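Analysis of the macromolecular model
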Amino acid sequence: MTALIMAAQLILGLSILVILHEFGHYIAARAFGIKVEKFFLFFDAWNIKLFSFKKGDTEYGIGWLPLGGYVKIAGMIDESMDKEAMKKPAQPWEFRSKPAWQRLIVMIGGVVVNLILGVIIFAFVILRYEQQYLPNEEVSQHGIYASEIGKMAGFHSGDKIISINGNDIERFKDAQSVNVLFGSSVLVERNGQPMEIIVPDTFYKTAKIARRTRFIDFFNYPTKIDSLMPGMPAEKAGLMEGDHIISCNNIALTSYGDFRDYISHKAGDIVSLDIIRQGDTLKKQLAVDSSGLVGIFTEIPYTLKDYSFMSAMKYGYKDAINMLVVNVKGFGKIFSGEEKATESLQGPIGIAKIYGGVWDWHKFWFITGLLSLILAFMNILPIPALDGGHVMFLLYEIVARRKPSDKFMEYAQMAGMIILLGIMAFAVGNDIFKLFQ
């Protein structure tokens with residue numbers, strides 16, 4: 001069942017993205033009076049179709065080969081490699097008869113739709129699932145809590161985040177962005193004095209090795225118990241709501257972050273707590289469970305702020321761009337040889353595992369929005385057979401004032417398809433190899 005849920009989420013997510021990507025090409029082509037002969041989800045290789053119907057000049061359908069989708073635009077050398085149609089005289093409704101700027105818009109239509117879709121999905125996730133955010137000014141009351149990896153980057157517990165790369169921070173989650181780990185200048189206030197922390201652009205490797213990207217958090221407040229989980233160690237030890245934990249094994253713990261980190265390393269042990277209850281100091285013996293949990297919820301002395309529709313759109317755009325930048329930087333690390341493609345690239349199996357075996361709509365839409373942005377980036381790469389390849393040749397035509405020959409475009413399309421099939425074979429093979437590791 002887990003595998004079926006993973007597969008279902010993958011198919012649904014990619015189907016949404018592919019259909020809307022191809023719709024971007026379709027609507028741009030129709031806007032300029034270009035005939036669209038086919039609009040297919042998946043490929044109907046060798047003319048084998050699962051379903052199709054024709055409306056107007058366009059055949060709509062679903063192919064059998066789940067490697068994406070396509071629109072067949074009249075008068076264009078594309079995946080169909082329809083050479084016979086290209087031998088006929090150009091017609092006014094064909095792609096090749098239109099000005100270069102119109103053809104350029106048609107080719108970037110899919111990428112533009114994926115970028116817009118990514119922003120909309122991120123904004124929707126904020127409005128539907130997050131709804132509120134923690135203002136950075138609230139965290140500034142006590143300052144941040146720096147984890148071990150945060151301390152390695154130069155942060156101290158109690159630091160107050162002022163700005164990142166010169167930009168003021170309104171939401172605390174923006175200070176926690178993984179983007180910071182790829183190199184940033186963070187201005188903090190420490191002991192009343194401004195201080196700049198330079199995070200090197202290789203620090204993400206340290207986070208990767210530590211398997212932790214949450215380098216700072218908001219847990220720098222006192223450990224006062226708000227509620228207890230029934231049946232968990234804290235309740236069994238006799239802890240109560242309102243108790244203030246001040247030390248563990250005679251080690252002072254000044255913040256909830258200190259308490260969390262200390263307890264997480266004491267899985268299966270019995271620890272001695274010093275607590276303050278109604279002005280009295282008491283000792284309690286606490287048996288930490290095997291997963292390093294004790295079952296307490298603390299009083300959080302911060303007030304959350306509601307997202308408005310406009311702020312959700314604003315931060316949806318910001319989150320989308322930040323995630324796009326992180327992934328572009330990641331691809332750059334692969335191309336430069338700083339990262340191994342076998343460790344960083346994900347094929348369909350890897351993406352399905354990211355979706356997970358439990359259907360969580362919040363996670364589903366977040367990953368689908370992220371994939372929309374990645375699809376936009378990948379499609380704009382200057383590889384023949386991708387949108388970016390067509391854009392590259394159109395820009396050449398605009399500058400040189402002459403078109404590449406049809407024969408050249410045919411060979412370029414074939415070369416691009418070979419490159420893409422090679423990349424796809426590598427990604428799938430890498431996924432299968434990882435399954436056996």
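Above: the structure in question.
The sections below set out a description of the structure shown in this document. Along each chain, residue indices are assigned from 1 in the same order as the chain's sequence is written. Where local features are concerned, this predicted model is filtered to residues with pLDDT of at least 70; where side-chain atom pairs are given and counted, the filter is 80 or more; whole-chain, interface and lining totals use all residues. With hydrogens and water stripped out, all remaining heavy atoms of the structure feed into the side-chain values.

**A closer look at the pattern of salt bridges**
Should a side-chain nitrogen of Lys or Arg be within 4 Å of a carboxyl oxygen of Asp or Glu, the pair is scored as a salt bridge. Counted by the stated rule, this structure contains 18 salt bridges. Two residues, E397 and R103, come together in a salt bridge whose shortest N-O distance is 2.6 Å. Taken together, the residues span a long stretch of sequence, with E397 in helix α14 (residues 387-400) and R103 in helix α3 (residues 100-130) at a distance of 294 residues. In this pair, the class of E397 matches that of R103, namely buried. One continuous salt-bridge network, built from bridges that share partners, spans E130, R171, K173, D174, K318 and D319. What counts as a helix is a DSSP run of H or I of at least four residues, what counts as a strand is a run of E of at least two, and both are numbered from the N terminus. When a residue's accessible area, from a 1.4 Å probe over protein chains only, is under 20% of the maximum for its type it is buried; when over 50% it is exposed; and in between it is partly exposed.

**What about the sheet that holds strand β4 (residues 65-73)?**
DSSP bridges decide pairing: two strands pair if at least two such bridges lie between them. The sheet built from four strands is open, its strands ordered β2-β3-β1-β4 with mixed pairing. Each edge of the open sheet carries a strand with a single partner, namely β2 (49-55) and β4. Averaged over all adjacent pairs, the angle separating strand axes in this sheet is 10°, with direction ignored. Examined bridge by bridge, strand β1 (residues 36-43) and strand β3 (residues 58-63) share four bridges and lie parallel to one another. Bridge assignment links L41 to a residue of β3, and that residue is I62. Structural elements are reduced to axes, namely lines fitted to C-alpha atoms, with helices fitted over the stretch in contact, and the angle between N-to-C directions of any two is expressed from 0 to 180 degrees.

**A closer look at helix α10 (residues 309-335)**
If you check α10, its first and last C-alpha atoms are 39 Å apart, about what 27 residues at 1.5 Å a residue would give, namely 39 Å. With its phi angle positive at about 90°, G337 sits one or two positions after the end of α10. For a helix, the expected span equals 1.5 Å multiplied by the number of residues minus one.

**Focus: unusual backbone geometry**
A positive phi angle is found at W46, which is not glycine, with a value near 55°. When you line up the elements, W46 lands in the loop between β1 and β2. One non-glycine residue, R401, adopts positive backbone phi at about 65°. Here R401 is to be found in the loop between α14 and α15 (406-435).

**Some words on the nonpolar core**
Residue types Ala, Val, Leu, Ile, Met, Phe, Trp, Tyr and Cys, when buried and joined through side-chain atoms within 4.5 Å, form a set referred to as a nonpolar core. Membership of the largest hydrophobic core comes to 48 residues, with the highest contact counts inside it found for F155, I161, V186, F259 and L273. Note on contacts: a residue pair qualifies if any of its non-hydrogen atoms lie within 4.5 Å across the two residues. Leaving out residues up to four positions away in the same chain, F155 has contacts with I144, A146, G150, I161, V186, V188, R190, I197, V199, F215 and I216. Ranked by size, the runner-up nonpolar core spans 17 residues in total, among them A29, F39, V106 and L394.

**Points about the sheet that holds strand β9 (residues 184-190)**
Ordered by their spatial adjacency, four strands build an open sheet running β8-β7-β9-β10, and the pairing between neighbours is antiparallel. Two strands close off the open sheet at either side, each with one partner strand: β8 (167-168) and β10 (193-199). Summarising the sheet, β9 and β10 pair through seven bridges and their orientation is antiparallel. Each residue of the ladder has a partner; that of L187, found in β10, is E196.

**A short note on the packing of helix α12 (residues 348-355) against α15**
It is at 7 Å that the axes of α12 and α15 come closest, and there the two elements cross at 60°. In terms of their interaxial angle, α12 and α15 are classed as oblique. Residue-level contacts link P348, I349, G350 and K353 of α12 to V428, D431, I432 and L435 of α15. Partitioning the contact of α12 with α15 into residue classes produces five nonpolar, one polar and two charged. Throughout this description, any angle smaller than 35 degrees is read as roughly parallel, any larger than 145 degrees as roughly antiparallel, any in the 65 to 115 degree range as roughly perpendicular, and the remainder as oblique. Any residue that is not Ala, Val, Leu, Ile, Met, Phe, Trp, Tyr, Cys, Pro, Asp, Glu, Lys or Arg is counted as polar, Gly included; the first ten are nonpolar and the last four charged.

**Considering the side chain of N136**
Here N136 lies in helix α4 (residues 136-139). With a relative accessible area of 5%, N136 lands in the buried category. Two N or O atoms form a polar contact when they lie within 3.5 Å of each other; inside protein one atom must be a possible hydrogen donor and the other a possible acceptor, and for residues adjacent in sequence the pair counts only when both atoms belong to side chains. A polar contact is formed between the side chain of N136 and the backbone oxygen of I161, at a distance of 2.9 Å. Discounting residues that sit within four places of it in the chain, N136 has contacts with I161, I169, E170, R171 and F172.

**Digging into α14**
An ideal rise of 1.5 Å per residue puts 20 Å on 14 residues; α14 measures up with 20 Å between its terminal C-alpha atoms. The inward-facing, buried residues of α14 contact α1 (2-31), α3, α13 (361-379) and α15.

**Thoughts on the pairing of β3**
With five of its six residues buried, β3 lies for the most part within the structure. Note that β2 and β3 share six bridges and pair antiparallel. Paired with F51 across the two strands is I62, which belongs to β3. Counting the residues that bridge the hairpin from β2 to β3 gives two residues, and of these G56 lies at a positive phi of roughly 65°.

**Some words on the side chain of S272**
As for its placement among the helices and strands, S272 is situated in strand β15 (residues 270-277). With relative accessibility at 17%, the residue S272 sits in the buried group.

**Let's talk about the packing of α1 against α3**
Running from amino to carboxyl end, α1 crosses α3 at an angle of 140°, the nearest separation of the two axes being 7 Å. Considering the angle they form, α1 stands oblique to α3. As for the relative orientation of α1 and α3, their crossing is right-handed in sense. Here L17, L20, H21, G24, H25, A28 and A29 of α1 come into contact with α3, specifically with I105, V106, M107, G109, G110, V111, V113, N114 and L117. In this scheme the handedness of a crossing depends on how the near helix is turned from the far one: anticlockwise by less than a right angle means left-handed, clockwise means right-handed.

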